[in-house]
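Below, each chain spelled out in residue letters.
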Amino acid sequence: MAAAKTIGFVFVQGYADWEYGLLAASAVEWFGAKAFSLTPDGKPVIGISGFTLTPDRSTDAAANADLNAIAVIGSDSWAVETPPDVSALLKSVAERGGVVGGICAGTLALARSGLLQGQKHTSNGRDWILGHLPNYAGADLYQDVPHAVADDRIVTAPGSAPGTFAVTFLEALFPDQKQQLAEMRALISREYAGSS
């Protein structure tokens with residue numbers, strides 16, 4: 001039996017509580033993955049809700065050599081002048097052929113790492129990302145859409161799209177699980193089908 005795939009979730013101070021739950025829980029419950037919480041220094045961080053998250057690990061690349069995927073969760077802390085630097089971790093996962101995802105301001109970490117160069121991607125809006133990183137590599141491939149975008153094994157989403165971020169990320173990590181992914185997509189879209 002194949003070993004369970006492992007996903008790291010990167011959290012920083014002020015993380016957006018709504019952006020990771022569906023992905024983390026679905027990965028573990030429906031796909032048998034193992035999920036680990038990471039912070040830059042391995043210390044607890046507080047989310048927008050005021051909830052404290054105590055991480056499993058730091059974001060040290062060597063300490064996370066077992067990860068098959070990494071998801072960078074949004075926070076205003078990614079948009080400051082000197083944000084946490086997780087480039088080594090993101091690049092190491094990408095170089096191993098892993099899935100690298102960012103949602104909301106977490107997409108800034110991917111851009112700073114150079115991982116959006118040559119990749120279709122999205123974020124919180126073209127003007128928003130260019131306002132923070134006006135010369136980032138790959139800006140010409142920005143997709144102005146309200147849902148997650150995957151290009152090869154890079155997955156990005158605006159902060160308003162945790163549902164499609166979860167499904168799209170899991171599609172990249174578990175491409176052979178087509179029936180389960182279709183059921184998950186149908187379950188998530190059902191919520192919006194009848195709303196007005």
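Preceding block: the structure.
Let us look at the structure shown here. Quantities reported herein were computed from a predicted structural model and do not represent experimental measurements.

## Overview of helix 5 (residues 162-173)
An α-helix turns once every 3.6 residues. As a result, residues three or four positions apart point the same way.
Inference 1: With 12 residues, helix 5 ought to run about 16 Å at 1.5 Å a step, and its terminal C-alpha atoms sit 16 Å apart, in line with that.
Inference 2: Listed as buried for helix 5 are Gly163, Phe165, Ala166, Val167, Thr168, Phe169, Leu170, Ala172 and Leu173.

## Describing the packing of helix 1 (residues 21-29) against helix 5
Inference 1: At a minimum axis distance of 8 Å, the contact between helix 1 and helix 5 shows a crossing angle of 35 degrees. The crossing of helix 1 and helix 5 is right-handed. Mapping the contact onto sequence places Leu22, Leu23, Ser26 and Ala27 in helix 1 and Pro162, Gly163, Phe165, Ala166, Phe169 and Leu170 in helix 5.
Inference 2: Considered class by class, the residues forming the contact of helix 1 with helix 5 number eight nonpolar, two polar and no charged.

## Regarding the pairing of strand 6 (residues 69-72)
Inference 1: Here strand 6 shows two buried faces, one formed by Ala69 and Ala71 and the other by Ile70 and Val72.
Inference 2: Here strand 1 (residues 6-10) runs beside strand 6; their pairing, made up of four bridges, is parallel. Residue pairing for strand 6: Ile7 is matched across the bridge by Ala69.
Inference 3: Two elements, strand 6 and strand 7 (residues 99-103), share four bridges in a ladder whose sense is parallel. Paired with Ala71 across the two strands is Gly101, which belongs to strand 7.
Inference 4: Read from strand 6 through helix 2 (residues 87-95) to strand 7, the crossover connection turns out right-handed.

## Here's the deal with the sheet that holds strand 9 (residues 154-157)
Inference 1: Taken in spatial order, the seven strands line up as 5-2-1-6-7-9-8 in an open sheet, and their pairing is mixed. With one partner strand each, in any of the chains shown, strand 5 (57-58) and strand 8 (149-151) form the two edges of the open sheet.
Inference 2: Bridge count for strand 7 against strand 9 is four bridges, and the pairing is parallel. Among the inter-strand pairings, Gly102 is bridged to a residue of strand 9, identified as Thr156.
Inference 3: Here helix 2 sits on the sheet in contact with strand 1, strand 2 (34-39), strand 6 and strand 7, set at roughly 145 degrees to strand 6.

Reading guide: rules and limits
Residues numbered from 1 in each chain as written. Predicted model: local features only at pLDDT ≥ 70, side-chain atom pairs only at ≥ 80, totals over all residues. Heavy atoms only, no water. Helix = DSSP H or I, 4+ residues; strand = E, 2+ residues; numbered from the N terminus. Expected span 1.5 Å × (residues − 1). Buried < 20%, exposed > 50% of the residue type's maximum accessible area, 1.4 Å probe, protein only. Axes fitted to C-alpha atoms, helices over the stretch in contact; angles between N-to-C directions. Left-handed = near helix turned anticlockwise from the far one by under 90°. Contact = heavy atoms within 4.5 Å. Nonpolar A, V, L, I, M, F, W, Y, C, P; charged D, E, K, R; others polar. Pairing = 2+ DSSP bridges. Right-handed = clockwise from strand over helix to strand, strands pointing away.

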